[in-house]
Amino acid sequence: MAVEMSRSRFDELVSDALDLIPVEFARAMNNVVVLVEDHNPEEPSLLGLYEGIALTERDSTYGGVLPDRITVYREPLLAMCADEAEVVDEIAVTVVHEVAHHFGIDDERLHELGWG
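Everything in this summary refers to the structure shown in the same document.

Procedures and definitions
- Residues numbered from 1 in each chain as written.
- Predicted model: local features only at pLDDT ≥ 70, side-chain atom pairs only at ≥ 80, totals over all residues.
- Heavy atoms only, no water.
- Helix = DSSP H or I, 4+ residues; strand = E, 2+ residues; numbered from the N terminus.
- Buried < 20%, exposed > 50% of the residue type's maximum accessible area, 1.4 Å probe, protein only.
- Expected span 1.5 Å × (residues − 1).
- Arc of directions from axis to C-beta.
- Contact = heavy atoms within 4.5 Å.
- Axes fitted to C-alpha atoms, helices over the stretch in contact; angles between N-to-C directions.
- Parallel < 35°, antiparallel > 145°, perpendicular 65-115°, else oblique.
- Left-handed = near helix turned anticlockwise from the far one by under 90°.
- Nonpolar A, V, L, I, M, F, W, Y, C, P; charged D, E, K, R; others polar.

Some words on unusual backbone geometry
A positive phi angle is found at N31, which is not glycine, with a value near 55°. On the secondary structure map, N31 appears in the loop between α2 (23-28) and β1 (32-37). Owing to a relative accessible area of 28%, N31 belongs among the partly exposed residues under this scheme.

If you want it as structure tokens, here you go:
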């Protein structure tokens, strides 16, 4: 059964998850925005998505580009959880997973590290 939660509470939990990122990594994040959307129109069950140029792929020609986007999808996260504590955990995993992509860590490595 899906968890019922206001948009503002969900946004707050995403912000809390971002606060879990170690300071040295948070400071290293560059030209990236974190957004919350209801769902991905192409893949409605997707929990999160990183779109952009990972820090490890940027070179001296990088500049003048729109910010990378990390999108956290509210509806599928709420649908997969039984209670708010589970939502908190799943948001944290999703945020860490997508931030890791910003740092150039691929899905295979994330799964090996337990953040799949």
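Right, picking up where we left off after that structure.
Side note on helix α1 (residues 7-19)
The first and last C-alpha atoms of α1 sit 19 Å apart over 13 residues, in line with the 18 Å expected at 1.5 Å per residue. Along α1, the residues that are buried comprise F10, L13, V14 and A17. End-on view of α1: buried residues confined to an arc of 100°, all on one side of the axis. Along α1, the residues that are exposed and aim more than 90 degrees away from the buried face are S8 and D19. Check the buried side of α1 and you find it contacts β1, β3 (68-73), α3 (74-80) and α4 (84-102).

Some thoughts on the packing of α1 against α4
α4 packs onto α1 with a crossing angle of 50° between their chain directions and a minimal axis gap of 9 Å. With respect to their mutual orientation, α1 and α4 come out oblique. Relative to α4, the crossing made by α1 is right-handed. Facing α1, whose interface residues are R9, F10, L13, V14, A17 and L18, α4 presents E84, V87, V88, I91, A92, V95 and V99. Tallied by class, the residues present in the contact of α1 with α4 amount to 11 nonpolar, no polar and 2 charged.

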